[in-house]
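Chain residues, written in single-letter form:
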Amino acid sequence: MESPRARSSRRARPSRTRPMLYTALATVAIVGGTAAGTVYVKAQAHSGGTPVSSAGSPTASTSATADGEESVEPVAQPAVDYDSLLAKAMKSVPVGGKAEVSVAVLDMDSGDSATYGDGAFDTASIVKVDILATLLLQAQDADRQLTATEKAYAVKMIENSDNTSASALWDVIGKADGLDAANKKFGLTGTEGGDGALWGLTQTTAADQLKLLQQVFGDGSKLSKASQTYIKGLMGRIEADQHWGVSAAADGSKWALKNGWLARSTTNLWDINSIGRVTVDGHDYLVATLSKGNSTQAKGISLVEAAAKAAVSVFTGDTATASASTSASASAS
């Protein structure tokens, strides 16, 4: 039997209670999106917790739904005007005398592009890429391979910019008619083949040359993967004295290009062009730079190189370096 003291002591001892832990687990699920990048988010709380809110986000607002959930309303992000950014970058590019320049660039990762200038220019030798693309497309349609002679011409035409080889393949593709027919399939709308044997006087725009480069380097091309690989390989093996142009915007030797240069007999002024793919910090960009009215070949080369650097800087953000190298090129000219 317990003593009265023992019973009193047991009654006086405070009782112990285990603290209850209330844990709210929240899940957030993305339930929709738009082409502009706007995302719809739904938040829901479990285990007795309160709803999770994203109201603090500066790009979204919340509203309650009938089931007690909160949905985050979309707020569209403003689109970046890359054309305006390129126009601003081009203000640092010196264009002397009667010279004119146009440039177009495409970020192959994002698919975003920018164009400066919409005038027509003589292609000079950059049309040789178009001639080869046309030849390969025609061969695909005819379900045949290039002949040994055609391959020999193609190598000299692209790697060495040999004009005799270009003239031979110009005839094979059917001259301007063949080029124009292929370009229609490629989606080029501002390019017209030169009259007769004058393939170098084919007229084009920077925007069209960007479309052509997409056929060579991009997805969804009318050219087969084998044809794309063939052209890219030749453009990556340009002979040493032609390592200029859009390559100025690349990291070291990470480029594939074709240049064009032509002194017009009617004006004694130079057409200087460069098209190709460049790699910067592991990212690939397609660049087309066209110019005319240059007083010398050297000044035309400096102009297209400065334009290529300015164009790529729109996406890399390296405008300071582009401006500095542009000034250096102008001084060297």
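Criteria and thresholds
- Residues numbered from 1 in each chain as written.
- Predicted model: local features only at pLDDT ≥ 70, side-chain atom pairs only at ≥ 80, totals over all residues.
- Heavy atoms only, no water.
- Helix = DSSP H or I, 4+ residues; strand = E, 2+ residues; numbered from the N terminus.
- Salt bridge = Lys/Arg side-chain N within 4 Å of Asp/Glu carboxyl O.
- Buried < 20%, exposed > 50% of the residue type's maximum accessible area, 1.4 Å probe, protein only.
- Pairing = 2+ DSSP bridges.
- Axes fitted to C-alpha atoms, helices over the stretch in contact; angles between N-to-C directions.
- Phe/Tyr/Trp six-rings, centres within 6.5 Å; stacked < 30°, edge-to-face > 60°.
- Lys NZ or Arg CZ within 6 Å of the ring centre and 35° of its normal.
- Core = buried A, V, L, I, M, F, W, Y, C linked by side-chain atoms within 4.5 Å.
- Contact = heavy atoms within 4.5 Å.

**Thoughts on unusual backbone geometry**
Here is step 1: Despite not being glycine, Ala124 shows a phi value in the positive range, around 55°.
Here is step 2: Inspection of the secondary structure puts Ala124 in the loop between strand E7 (121-122) and helix H3 (127-141).
Here is step 3: Of note in the backbone geometry, Asp281 takes a positive phi value of approximately 55° without being a glycine.
Here is step 4: The residue Asp281 is located in the loop between strand E10 (270-280) and strand E11 (283-294) in this model.

**Section: the pattern of salt bridges**
It is possible for side chains of opposite charge to pair when their charged atoms get near one another.
Here is step 1: If you walk through the whole model with that rule in mind, you get 7 salt bridges.
Here is step 2: In this structure, the salt-bridge partner of Arg237 is Glu159, at a minimum N-O distance of 3.0 Å. Here Arg237, found in the loop between helix H8 (225-235) and strand E9 (255-263), pairs with Glu159, found in helix H4 (residues 148-159); they are 78 residues apart in sequence, far enough to count as distant.
Here is step 3: In this structure, Asp208 engages Lys211 in a salt bridge whose closest nitrogen and oxygen atoms are separated by 3.9 Å. With Asp208 and Lys211 both in helix H7 (residues 206-217), this residue pair falls 3 residues apart, about one helical turn.
Here is step 4: For Asp208, a relative accessible area of 2% puts it in the buried group.

**Structural notes on the sheet that holds E10**
Here is step 1: If you trace the 5 strands from one edge of the open sheet to the other, you get E6-E5-E11-E10-E9, paired in antiparallel fashion. Lying at the two open borders of the sheet, with one neighbouring strand each, are strand E6 (113-116) and E9. In this sheet, neighbouring strand axes are inclined to one another by 5° on average, regardless of whether the strands run parallel or antiparallel.
Here is step 2: In this structure, strand E5 (residues 100-107) lies alongside E11, joined through 8 bridges in antiparallel fashion.

**Details of the packing of aromatic side chains**
Here is step 1: Summed over all chains, the structure comprises 3 aromatic pairs.
Here is step 2: The structure contains a cluster of three or more aromatic residues connected by ring pairs, namely Tyr82, Tyr285 and Phe315.
Here is step 3: Against the face of Phe121 rests Lys292, its NZ or CZ located 4.9 Å from the ring centre.

**Description of the nonpolar core**
Here is step 1: Of all hydrophobic cores here, the largest spans 71 residues; its most connected members are Ile131, Leu132, Ile231, Met235, Val278 and Val287.
Here is step 2: If sequence neighbours within four positions are ignored, Leu132 has contacts with Ala154, Met157, Ile158, Tyr230, Ile231 and Leu234.

**What to know about the pairing of E10**
Here is step 1: E10 sits mainly inside the fold: 9 of its 11 residues count as buried.
Here is step 2: Two elements, E9 and E10, share 9 bridges in a ladder whose sense is antiparallel. If you follow Leu262 over to E10, its bridge partner there is Asp271.
Here is step 3: In sequence, E9 turns back onto E10 through a hairpin of 6 residues, with Asn268 there showing a positive phi of about 60°.

Function-wise, these values are silent; they only describe arrangement.
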